[in-house]
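Tertiary structure, described
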Amino acid sequence: MQHIELTFLGELNDFLGSDKSETTHRFPLRRRTSVKDLIEAMGPPHPEVGGIEARGESQDFSFQPEPGERIRVTPLCPPVDVRTGDRLHPEPLSRVRFVVDVNVGRLARKLRLLGFDAAYHHSWDDEAIAELAAEEGRIVLSKDIALLKRRIIVWGRYLRAEDPAQQLLEVLSVFGLRGPYPTLTRCLDCNAELEAVDKEAILHLLEPKTKKYYHSFSRCPSCGKIYWAGSHQERIMQWLRAYGLNGAGPERGN
Ligand SMILES: [Zn+2]
């Protein structure tokens, strides 16, 4: 029986139980199938793949290898710009938006804190997440490899970090999101964009100290929660600066 060879480069080896930067796997080709299925049968989910090379040129996921074929599979190389198309992503996203899986749920609030559109609900199953990603053009963030293998998902990341703060830094780094970030422009609870509100209109809802020291307020149009630039915002900025990220800025980053 004729064999094929698959060579995996870089981070794709994280899914092959190897700490090497390049591994080659030779196995019999038992049936005609897409290279997507062959890659995923070995471990790596397709959203982590940045390029497929065979017969001296780049191929897409539907490529069907012949016996004797040699294929090189390269990972997505950070910083990944989802707004730029390539062979594997012919329809780039118009803007950076996320859908966050339950297994990394705490990351959703952190992304919203920086102003990113991060859809999340604790009751969503794999199917709901995949469909939302496909319908609205969202990047799936997850620790579930099987979810990321769903065909309708185009962009995604299997998060390596365990801690939510480190996961946030991982997302910013992988997708090249350097800021300035539009902090405090999105509701942490429900992801809706905040609207400016007159202090006079919400005076009766404020604590005495907040009433005295703050003058600029915004409100979530969905749940009604009120936000203002308190001392916690300065802590967020300090945290971002500690990691070399620019937290301040008037422009919307997404
Ligand atoms: Zn809200």
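Located above this text is the structure these notes cover.
Predicted, not measured: the structure shown is a model, and the values here were computed from it.

To continue, consider the nonpolar core. Core analysis: the largest hydrophobic core is formed by 36 residues, its most contacted members being Phe-98, Leu-111, Ile-139, Leu-141 and Phe-175. Of all elements in the fold, only strand E6 (97–100), helix H2 (106–113), strand E8 (139–142), helix H5 (164–174) and helix H8 (231–242) reach the threshold of two or more residues within this core. Counting residues per element, this core draws most heavily on H5, at five residues. Setting aside chain neighbours within four positions, we find Phe-175 in contact with Val-80, Val-82, Phe-98, Ile-139, Leu-141, Gly-156 and Arg-157. Val-35, Ile-39, Ala-54 and Leu-88 belong to the second-largest nonpolar core, a separate cluster that totals 18 residues.

With that settled, the discussion passes to the pairing of strand E1 (residues 3–9). Burial runs high along E1: six of the seven residues are buried. Relative to strand E2 (residues 22–28), E1 is paired through seven bridges, and the arrangement is antiparallel. Its bridge partner being in E2, Glu-5 is matched across the sheet by Arg-26. Two strands pair when backbone bridges link them, and E1 and strand E5 (residues 70–75) are joined in this way by four bridges, in the parallel orientation. Bridge pairing in E5 links Phe-8 to Val-73.

With that out of the way, let us pick up the sheet that holds strand E11 (residues 217–219). A sheet is described by the order of its strands in space; here three strands give the open sequence E10-E11-E12, paired in antiparallel fashion. In this open sheet, the two strands that pair with only one neighbour each are strand E10 (195–197) and strand E12 (226–228). When strand polarity is set aside, the average angle formed by the axes of neighbouring strands in this sheet is 40°. Where E10 lies against E11, three bridges are found, and the strand directions are antiparallel. Counted as the bridge partner of Ala-196 is Ser-218 from E11.

Attention now moves to the environment of Pro-65. Here Pro-65 lies in the loop between strand E4 (57–59) and E5. Pro-65 gets classed as buried once you look at its relative accessible area, which sits at 1%. With 11 residues separating them along the chain, Pro-65 and Ala-54 place their C-alpha atoms 8.4 Å apart. Among all residues touching Pro-65, those that are not within four sequence positions of it are Leu-29, Arg-32, Thr-33, Ser-34, Val-35, Leu-38 and Ile-71.

Let us look at the coordination of the zinc ion. Distances from the zinc ion to its protein donors, Cys-187 (SG), Cys-190 (SG), Cys-220 (SG) and Cys-223 (SG), fall within 2.2 to 2.3 Å. Coordination geometry of the zinc ion: the four donor atoms subtend angles of 97 to 126° at the metal centre, consistent with an arrangement described as tetrahedral. One chain supplies every donor to the zinc ion, and in sequence these donors are spaced C-x2-C-x29-C-x2-C. Residue classification places Cys-187 among the buried residues on the basis of a relative accessible area of 0%.

Neither face of E8 is exposed, since Ile-139 and Leu-141 on one face and Val-140 and Ser-142 on the opposite face are all buried. Here three bridges tie E6 to E8, and the two strands are oriented parallel to one another. Across the sheet, the residue bridging to Val-99 is Val-140, located in E8.

Our focus in this paragraph is the packing of aromatic side chains. The tally for this structure, following the rule as stated, stands at six aromatic pairs. With 6.0 Å between their ring centres and 80° between their planes, Phe-98 and Phe-116 make a pair best called edge-to-face. Placement of Phe-98 in strand E6 and of Phe-116 in the loop between H2 and strand E7 (117–119) is noted, with a sequence separation of 18 residues between them. Accessibility expressed as a relative area gives 0% for Phe-98, which makes it buried. Between Tyr-214 and Trp-228, the ring centres sit 6.5 Å apart and the planes meet at 45°, which makes this aromatic pair tilted. On the criterion of sequence distance, the pair formed by Tyr-214 in the loop between helix H7 (208–213) and E11 and Trp-228 in strand E12 is long-range, its members being 14 residues apart. Exposure remark for Tyr-214: the relative accessible area of 26% places this residue in the partly exposed category.

Each value, and the rule that gives it
- Residues numbered from 1 in each chain as written.
- Predicted model: local features only at pLDDT ≥ 70, side-chain atom pairs only at ≥ 80, totals over all residues.
- Heavy atoms only, no water.
- Core = buried A, V, L, I, M, F, W, Y, C linked by side-chain atoms within 4.5 Å.
- Buried < 20%, exposed > 50% of the residue type's maximum accessible area, 1.4 Å probe, protein only.
- Helix = DSSP H or I, 4+ residues; strand = E, 2+ residues; numbered from the N terminus.
- Contact = heavy atoms within 4.5 Å.
- Pairing = 2+ DSSP bridges.
- Axes fitted to C-alpha atoms, helices over the stretch in contact; angles between N-to-C directions.
- Donors = N, O, S within 2.8 Å, 3.2 Å for Na, K, Ca; no water.
- Tetrahedral: all angles 85-135°; square planar, octahedral: opposite > 155°, others 65-115°.
- Phe/Tyr/Trp six-rings, centres within 6.5 Å; stacked < 30°, edge-to-face > 60°.

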